[in-house]
Amino acid sequence: DPYLKKAQADFYVRHCEIGKFYTIQQFKKEERVVYETARTSMENLVKLGYYRKEQIKNKFVYTPIEK
C-alpha cells in the first residue's frame with residue numbers, strides 16, 4: 001500500500017492476527033516513536049482499513065480486519 005509508512009507496514013506485518021488486540025503503547029515501544037506518532041499511525045491504519053478501533057474501559061485497542 002503506497003499510503004503506509006515503513007513503521008506502519010512493519011507493525012502491521014508483525015501484528016495482523018485476526019481476533020487479537022493491539023495498543024498504541026505496543027506500537028510506541030516496538031517502533032521506538034513518541035506517543036503522538038504512534039497514535040497517529042494507528043489511526044491511519046484504521047482509516048486505511050487495516051484495523052478496527054474499539055474502546056475497552058478507558059483504553060482504545062485495535063484489532064485487524066480481514067481483507
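Since the structure is predicted, the reported quantities are computational estimates derived from the model, not experimental observations.

(A) Representation of the pattern of salt bridges. Enumeration over the complete set of coordinates arrives at 6 salt bridges. A salt bridge links aspartate 10 to lysine 6; the shortest N-O distance between them is 2.8 Å. Remark: lysine 6 and aspartate 10 occur in helix H1 (residues 6-14); sequence separation between them is 4 residues, near one turn of the helix. Assessed through its relative accessible area of 64%, lysine 6 is described here as exposed. Here glutamate 31 and arginine 14 are joined by a salt bridge, their closest N and O atoms 2.7 Å apart. Of the two residues, glutamate 31 is situated in helix H2 (residues 24-31) and arginine 14 in helix H1; the sequence distance between them amounts to 17 residues. Taking relative accessible area as the criterion, glutamate 31 reaches 17% and is therefore assigned buried. Counted as one network, the salt bridges with shared partners bring together Arg14, Glu30 and Glu31.

(B) Focus on the environment of glutamine 26. Within the secondary structure layout, glutamine 26 lies in helix H2. Between the C-alpha atoms of glutamine 26 and phenylalanine 11, which are 15 residues apart in sequence, the distance is 9.2 Å. Not counting residues up to four positions away in its chain, the partners in contact with glutamine 26 are Phe11 and Phe21.

Here is what the cut-offs are and how they apply
Residues numbered from 1 in each chain as written. Predicted model: local features only at pLDDT ≥ 70, side-chain atom pairs only at ≥ 80, totals over all residues. Heavy atoms only, no water. Salt bridge = Lys/Arg side-chain N within 4 Å of Asp/Glu carboxyl O. Helix = DSSP H or I, 4+ residues; strand = E, 2+ residues; numbered from the N terminus. Buried < 20%, exposed > 50% of the residue type's maximum accessible area, 1.4 Å probe, protein only. Contact = heavy atoms within 4.5 Å.

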